[in-house]
Amino acid sequence: MPATEEKTRTNTDADLPSREGDRVIQFREALREAMTEEMHRDKRIFLMGEEVAEYQGAYKVSQGMLDEFGPKRIIDTPISENGFAGLGIGAAMYGLRPIIEFMSWSFSLVAADQILNNAPKMLYMSGGQWGCPIVFRGNNGAGGQLGSTHSWCVEALYSNVPGLKIAIPSCPYDAKGLLKTAIRDDDPVFFLESERMLGDKAHVPEEEYLVPFGKAARLREGDACTLVSFGRPVNFCLEAADTLREEDGIEVDVLDMRTIRPLDTAAIIESLKRTNRIVVVDQSWPFASVATEVITQVCEKAFDWLDHPPIRVNADDVPTPYSKPLEQAYLPHVGKILEAVRRAVG
């Protein structure tokens, strides 16, 4: 099936925890609320990055925060990811709790030595003397015709490194709950958002809540196949699940992993024991991807429950195209997911 113009769907009450009276807010507003609430709770927290202060945030995530907290806690930086990432790591080692915003995770590659060689290893190499309670957050993946060098999906590359945690929300509810959990965590957390989801809306409670790391959400229930994903592609899995029910009478389990470090392998295996088939949807490239790791763990721990070889749905194994129709075809989309599930159950 050819790729079509796809937008991340707005989650419904059936997709997410919600209660009567919950507000409907945007993904970017959920992120802002998480940071604002935590900064009121803990005076050690500050936000630093390019255009987060005077410009109100490159994507308006930090809009209004400079006025609320002042320039000592909402800090604009030069275009030097290696510099301000290192500054944040040093601040975290000496008792502060920084939130470092990368305008794009593609730009984090400039700071790879700091964020991969220093932050995750500090507690281990210091014999427990210095931890690094820091959150790195920003836009991950193809933002829409930004070209290959500005469209990195870094989760497969960075999840190889022990000592860090990686959260990838798929909706505003999880964006707020996971970010609050990340800010309170004593380990470095990589928080991967999607530019294409910042305007998505969903129900988010006014009262405080946290979403725990390492606990997947089961968004659809079925017995024909397990669909595993995280981040933006979760929404395409939900759309595919609805289509499969309507057109084929196929009911699938849809699992949103929420975090990939830690990974809720137990939830995947529990679902697989009901369905005996699994499709993993991951916007990374296929070679050595998160989908590859999920399938490896399934084969190691639940091989006898499989009635069909596991299937991966990844971005195509080429640099991200600039052309709009080529980019759409390159990324995981509903058509690819439908074909994979039908092949698994056929």
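Conventions used here
Residues numbered from 1 in each chain as written. Predicted model: local features only at pLDDT ≥ 70, side-chain atom pairs only at ≥ 80, totals over all residues. Heavy atoms only, no water. Helix = DSSP H or I, 4+ residues; strand = E, 2+ residues; numbered from the N terminus. Buried < 20%, exposed > 50% of the residue type's maximum accessible area, 1.4 Å probe, protein only. Patch = residues over 30% accessible without salt bridge, like charges linked within 9 Å, V, L, I, M, F, W, Y side chains within 5 Å. Areas by Shrake-Rupley, 256 points an atom, 1.4 Å probe, with all protein chains shown as cover. Salt bridge = Lys/Arg side-chain N within 4 Å of Asp/Glu carboxyl O. Lys, Arg positive; Asp, Glu negative; His and termini not counted. Charge placed at Lys NZ, Arg CZ, Asp CG, Glu CD. Pairing = 2+ DSSP bridges. Right-handed = clockwise from strand over helix to strand, strands pointing away. Axes fitted to C-alpha atoms, helices over the stretch in contact; angles between N-to-C directions. Parallel < 35°, antiparallel > 145°, perpendicular 65-115°, else oblique. Left-handed = near helix turned anticlockwise from the far one by under 90°. Contact = heavy atoms within 4.5 Å. Nonpolar A, V, L, I, M, F, W, Y, C, P; charged D, E, K, R; others polar. Domains from an automatic or database assignment. Buried area = accessible area lost by both parts, 1.4 Å probe. Polar contact = N/O pair within 3.5 Å; in protein donor to acceptor, adjacent residues only side chain to side chain. Expected span 1.5 Å × (residues − 1). Arc of directions from axis to C-beta.

### Some points on unusual backbone geometry
Part 1 of the reasoning: Note the cis peptide between Arg 261 and Pro 262, where omega equals 5 degrees.
Part 2 of the reasoning: At Lys 60, a residue that is not glycine, the phi angle is positive and equals roughly 65 degrees.
Part 3 of the reasoning: Among the structural elements, Lys 60 can be located in the loop between β2 (45-49) and α2 (65-69).
Part 4 of the reasoning: Residue classification places Lys 60 among the partly exposed residues on the basis of a relative accessible area of 26%.

### Notes on a negative patch on the surface
Part 1 of the reasoning: Side chains of Glu 51, Glu 54, Asp 67, Glu 68 and Asp 76 sit close together on the surface and give a patch of like negative charge.
Part 2 of the reasoning: With a relative accessible area of 70%, Asp 67 lands in the exposed category.

### Overview of the pairing of strand β13 (residues 278-281)
Part 1 of the reasoning: The two faces of β13 match: Ile 278 and Val 280 on one face and Val 279 and Val 281 on the other face are all buried.
Part 2 of the reasoning: Relative to β13, strand β10 (residues 225-229) is paired through three bridges, and the arrangement is parallel. Residue Thr 226 lies in a different strand from β13, and its bridge partner there is Ile 278.
Part 3 of the reasoning: Both β13 and strand β14 (residues 311-313) contribute to a ladder of three bridges, which runs parallel. Residue pairing across strands places Val 279 opposite Ile 311, the latter belonging to β14.
Part 4 of the reasoning: For the crossover from β13 across helix α10 (residues 290-302) to β14, the handedness is right-handed.

### Considerations on the packing of helix α8 (residues 233-248) against helix α12 (residues 334-345)
Part 1 of the reasoning: The N-to-C vectors of α8 and α12 enclose an angle of 55 degrees; their axes lie 9 Å apart at closest approach. Between α8 and α12, the interaxial angle falls into the category oblique. Classified by chirality, the crossing of α12 by α8 is right-handed. Residues Phe 236, Cys 237, Glu 239, Ala 240, Thr 243, Leu 244, Glu 247 and Asp 248 of α8 pack against Val 334, Ile 337, Leu 338, Val 341 and Arg 342 of α12.
Part 2 of the reasoning: Taken together, the residues of the contact of α8 with α12 break down into eight nonpolar, one polar and four charged.

### Things to note about the domain arrangement of the protein chain
Part 1 of the reasoning: When the domains of the protein chain are assigned, the result is domain 1 (24-203) and domain 2 (217-345).
Part 2 of the reasoning: If you look at the interface, domain 1 gives 29 residues, while domain 2 gives 25 residues.
Part 3 of the reasoning: Interface area for domain 1 against domain 2, summed over the two sides, is near 2,200 Å², with a carbon-plus-sulfur share of 53%.
Part 4 of the reasoning: Residue Glu 327 is joined to Arg 196 by a salt bridge in which the shortest nitrogen-to-oxygen separation is 2.6 Å.
Part 5 of the reasoning: Viewed at the interface, domain 2 and domain 1 are joined by 12 residue pairs in polar contact (both at pLDDT 80 or more).
Part 6 of the reasoning: Contributing elements (two or more residues each) for the side of domain 1 that touches domain 2: α6 (155-158), β6 (165-167) and α7 (172-184).

### Some details on the pairing of β10
Part 1 of the reasoning: The element β10 is extensively covered by neighbouring structure, given that five of its five residues are classed as buried.
Part 2 of the reasoning: The alternating pattern of β10 places Cys 225, Leu 227 and Ser 229 and Thr 226 and Val 228 on opposite faces, both of which are buried.
Part 3 of the reasoning: As defined by bridge partners, β10 adjoins strand β11 (residues 252-256) across five bridges and the pair is classed as parallel. Note that in β11 the partner of Val 228 across the bridge is Leu 255.
Part 4 of the reasoning: For the segment spanning β10, α8 and β11, crossover handedness is right-handed.

### Brief notes about the pattern of salt bridges
Part 1 of the reasoning: Considering all chains together, one arrives at 28 salt bridges under this definition.
Part 2 of the reasoning: The salt bridge partner of Asp 185 is Lys 165, with a shortest N-O separation of 2.8 Å. Pair noted here: Asp 185 is in the loop between α7 and β7 (189-193) and Lys 165 is in strand β6, with a separation of 20 residues, a long-range link.
Part 3 of the reasoning: Residue Lys 165 is classed as partly exposed on the basis of its relative accessible area of 22%.
Part 4 of the reasoning: A salt bridge links Arg 184 to Glu 208; the shortest N-O distance between them is 2.9 Å. Here Arg 184 is found in helix α7, whereas its partner Glu 208 is found in the loop between β8 (201-204) and β9 (217-220), with 24 residues between them in sequence.
Part 5 of the reasoning: Among the residues examined, Arg 184 registers a relative accessible area of 28% and is labelled partly exposed.
Part 6 of the reasoning: Overlapping salt bridges bring together Arg 23, Glu 33, Glu 37, Glu 38, Arg 41, Lys 176, Lys 180, Arg 184 and Glu 208 as one network.

### Focus: α10
Part 1 of the reasoning: With 13 residues, α10 extends 18 Å from end C-alpha to end C-alpha; this agrees with the ideal 18 Å at 1.5 Å per step.
Part 2 of the reasoning: Along α10, the positions that sit buried rather than exposed are Val 290, Ala 291, Val 294, Ile 295, Gln 297, Val 298 and Ala 302. In a view along the axis of α10, the buried residues occupy a sector of 160 degrees, so they form one face of it.
Part 3 of the reasoning: Check the buried side of α10 and you find it contacts α6, β12 (259-261), α9 (265-275), β13 and β14.

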